[in-house]
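Structure at a glance
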Amino acid sequence: HRTNELGVKRFSKGYLAYAGGGKNSRSNQFIVALKDNERLGGGSPWEVPWGEVVGKESFTTLDKIYTGYGEKGPPQGRLSREE
């Protein structure tokens, strides 16, 4: 973790976590922090880090993950319906 100016811990590059859909939700997401993250990082009880990438080779691989879709990829509902 790293701490922002408000004292809130955030995920740094390489952190692995699960995030739930919120209170009383059964949905979840798998998070891989591809860069230091300003929004996510344990601010909610349903954002739970469980590991982190270590070693130069691992970070090299992390940097190769395609992120070109950005926020314009398929909607979450479609992703959860299709297998």
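Look up a bit, the structure's there.
Residues numbered from 1 in each chain as written. Predicted model: local features only at pLDDT ≥ 70, side-chain atom pairs only at ≥ 80, totals over all residues. Heavy atoms only, no water.

1. Brief notes about the nonpolar core
Quick reminder of the rule: In these notes, a set of buried Ala, Val, Leu, Ile, Met, Phe, Trp, Tyr and Cys residues joined through side-chain atoms within 4.5 Å is what counts as a nonpolar core. Each residue is placed in one exposure class: buried if its accessible area under a 1.4 Å probe, protein chains only, is under 20% of its type's maximum, exposed if it is over 50%, and partly exposed if it falls in between. By the convention used here, residues are in contact when the closest approach between their heavy atoms is within 4.5 Å.
In this structure, Phe11, Tyr15, Ala17, Ala19, Ile31 and Ala33 together form the largest nonpolar core, which totals 6 residues. Excluding anything up to four places from it in sequence, Ala17 contacts Phe11, Gln29, Phe30, Ile31, Val48, Pro49 and Trp50.

2. Quick notes on the sheet that holds strand β3 (residues 15–20)
Strand pairing in a sheet relies on backbone hydrogen bonds, with the paired strands running either antiparallel or parallel. Note the following rule: When DSSP finds two or more bridges between two strands, those strands count as paired. Strands here are runs of E lasting at least two residues and helices are runs of H or I lasting at least four, both read from the DSSP assignment and numbered beginning at the N terminus. Convention adopted: a line fitted to C-alpha atoms gives each axis, helices being fitted over their contacting stretch, and angles between N-to-C directions are expressed from 0 to 180 degrees.
If you walk across this open sheet you meet the 3 strands as β4-β3-β5, and the pairing is antiparallel. The outermost strands of the open sheet, each flanked by one partner alone, are β4 (28–32) and β5 (47–52). In this sheet, adjacent strand axes meet at a mean angle of 20 degrees when their direction is disregarded. Looking at chain direction, β3 and β4 are connected through 5 bridges and run antiparallel. Each bridged residue has a counterpart across the sheet, and for Ala19 the counterpart in β4 is Gln29.

3. Quick word on the packing of aromatic side chains
Rules: In summary, the pairing rule links any two rings of Phe, Tyr or Trp, Trp by its six-membered ring, whose centres are within 6.5 Å, and it sorts them by plane angle into stacked for under 30 degrees, edge-to-face for over 60 and tilted for everything else.
Tallied over the full model, the rule gives 3 aromatic pairs. On the basis of an interplanar angle of 35 degrees and a centroid distance of 5.9 Å, the ring pair of Phe30 and Trp50 is categorised as tilted. Here the residue Phe30 occupies a position in strand β4, and Trp50 occupies one in strand β5, the gap between them amounting to 20 residues. The exposure class of Phe30 is partly exposed, given its relative accessible area of 49%. Taking relative accessible area as the criterion, Trp50 reaches 46% and is therefore assigned partly exposed. Feature note: the residues Tyr18, Phe30 and Trp50 constitute an aromatic cluster, connected by ring pairs.

4. Side note on the pattern of salt bridges
Applicable threshold: Should a side-chain nitrogen of Lys or Arg be within 4 Å of a carboxyl oxygen of Asp or Glu, the pair is scored as a salt bridge.
Applying the stated criterion across every chain, the model contains 1 salt bridge. Across the pair Asp63 and Lys13 runs a salt bridge whose closest N-O atoms are separated by 2.6 Å. Here Lys13 lies in the loop between β2 (9–10) and β3 and Asp63 lies in helix α1 (residues 56–63), a separation of 50 residues in the sequence. In this structure Lys13 comes out as partly exposed when scored by relative accessible area, which is 27%.

Such coordinate-based values are descriptive only and should not be taken to indicate function.
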